[in-house]
Amino acid sequence: MDVLYFAWVRERIGLPRERIETSAATVSDLVEELRGREDRYAAAFADLSAIRVAVDQELGDFDSPLANAREVAFFPPMTGG
Amino acid sequence: MRVVVQAAPFDYGAECADFARDRTDMGAVVTFAGIVRGDGGLASMDIEHYPGMTEKALTAIAEEAAQRWSLGDVLVIHRHGPLRPGERIMMVATAAPHRRDAFEAADFLMDYLKSRAPFWKKERGTEGENWVAAKVADEDALTRW
């Protein structure tokens, strides 16, 4: 699955997207997996209340299932307009 | 309905003049432009977005507006990339038979664009650079609808 990062989440992790082989069932499971990888992921995901999620380009949450998901994105609250 | 996401500037005057110009059933057109403020020594604002999702989210918001109000047309243009103070970031336009629908739909579009369209703003200025934090008031504004 493709995992995308935007804004300061991208800066903390140090890359805009990566391909990850995972069997994570939910977004939460994926976050736990990423946190365990390296400090930069743990730093980016330290405060989940500051992070929003999209699964296949639709807004979701940390309980969203990842079955058949092709793309997951993590980013701060949006500031359009 | 037209949704445009682009880095290049847009011609606000021409967009306003063209919008719903051939409609004789639309008695009200509301246009709104968002402009980069030069507060606090701001030199530039970089707008990052999520290509693909941005267009989908903006289209969904415009479709929602068209369902809730009696609209003849909707236009949303939003830029990304580096912008300087005074530049137009985005615009919305709504056309309706009567003004109340046009005003309310434009207001709704702006509230949703603020917190439900995947854009992020980074300010660069005399005090370094920082990501603009989302405002609680902007999230609260959604409860109006």
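Per an unreviewed UniProt entry, the recorded name for chain B is Molybdopterin synthase catalytic subunit, and the organism is Roseivivax jejudonensis. Recorded under Subunit (unreviewed entry), the UniProt text for chain B is reproduced unchanged: "Heterotetramer of 2 MoaD subunits and 2 MoaE subunits. Also stable as homodimer. The enzyme changes between these two forms during catalysis." Here chain B is described in UniProt, under the heading Pathway (unreviewed entry), as follows: "Cofactor biosynthesis; molybdopterin biosynthesis."

An unreviewed UniProt entry annotates chain A as Molybdopterin synthase sulfur carrier subunit originating from Roseivivax jejudonensis.

## Side note on the pairing of strand β8 (residues 128-131) of chain B
Residues and elements named next belong to chain B. When strand β7 (residues 119-125) meets β8, the two strands line up antiparallel, connected through 4 bridges. Along β8, the bridge assignment pairs Arg 124 with Glu 129. Counting the residues between successive antiparallel strands, the hairpin from β7 to β8 contains 2 residues.

## Here we look at the pattern of salt bridges
Inspection of the entire model under this criterion finds 19 salt bridges over all chains. Salt-bridge contacts for Asp 25 of chain B lead to Arg 23 of chain B; the nearest nitrogen and oxygen are separated by 3.0 Å. Assessed through its relative accessible area of 41%, Asp 25 of chain B is described here as partly exposed. Residue Arg 37 of chain B pairs with Asp 39 of chain B through a salt bridge whose shortest N-O separation is 2.8 Å. On the accessibility criterion, Arg 37 of chain B (60% relative accessible area) is exposed. Here the salt bridges share partners, and the residues they tie into one network are Glu 11 of chain A together with Asp 46, Lys 122, Arg 124 and Glu 129 of chain B.

## So, the pairing of strand β3 (residues 42-49) of chain B
Residues and elements named next belong to chain B. Extensive coverage of β3 is indicated by the burial of 6 of its 8 residues. In this structure, β3 lies alongside β7, joined through 7 bridges in antiparallel fashion. Paired with His 49 across the strands is Phe 119, a residue of β7. Relative to strand β5 (residues 81-83), β3 runs antiparallel, the two sharing 3 bridges. Bridged to Asp 46 within β5 is Pro 82.

## With respect to the packing of aromatic side chains
Residues and elements named next belong to chain B. If you walk through the whole model with that rule in mind, you get 10 aromatic pairs over all chains. The interplanar angle of 85 degrees and the centroid separation of 5.6 Å between the aromatic rings of Trp 69 and Trp 145 together place this pair among those described as edge-to-face. Of this pair, Trp 69 sits in the loop between α2 (53-68) and β4 (73-79) while Trp 145 sits in the segment after α4 (136-141), and the two are 76 residues apart along the sequence. Judged by its relative accessible area of 23%, Trp 145 is partly exposed. Judged by centre distance (5.7 Å) and plane angle (85 degrees), the rings of Phe 108 and Trp 145 are edge-to-face. Taken together, the residues span a long stretch of sequence, with Phe 108 in helix α3 (residues 99-116) and Trp 145 in the segment after α4 at a distance of 37 residues.

What counts and what doesn't
Residues numbered from 1 in each chain as written. Chains lettered and ligands numbered in written order. Predicted model: local features only at pLDDT ≥ 70, side-chain atom pairs only at ≥ 80, totals over all residues. Heavy atoms only, no water. UniProt positions renumbered as here; feature names shortened; annotations may be inferred. Pairing = 2+ DSSP bridges. Helix = DSSP H or I, 4+ residues; strand = E, 2+ residues; numbered from the N terminus. Salt bridge = Lys/Arg side-chain N within 4 Å of Asp/Glu carboxyl O. Buried < 20%, exposed > 50% of the residue type's maximum accessible area, 1.4 Å probe, protein only. Phe/Tyr/Trp six-rings, centres within 6.5 Å; stacked < 30°, edge-to-face > 60°.

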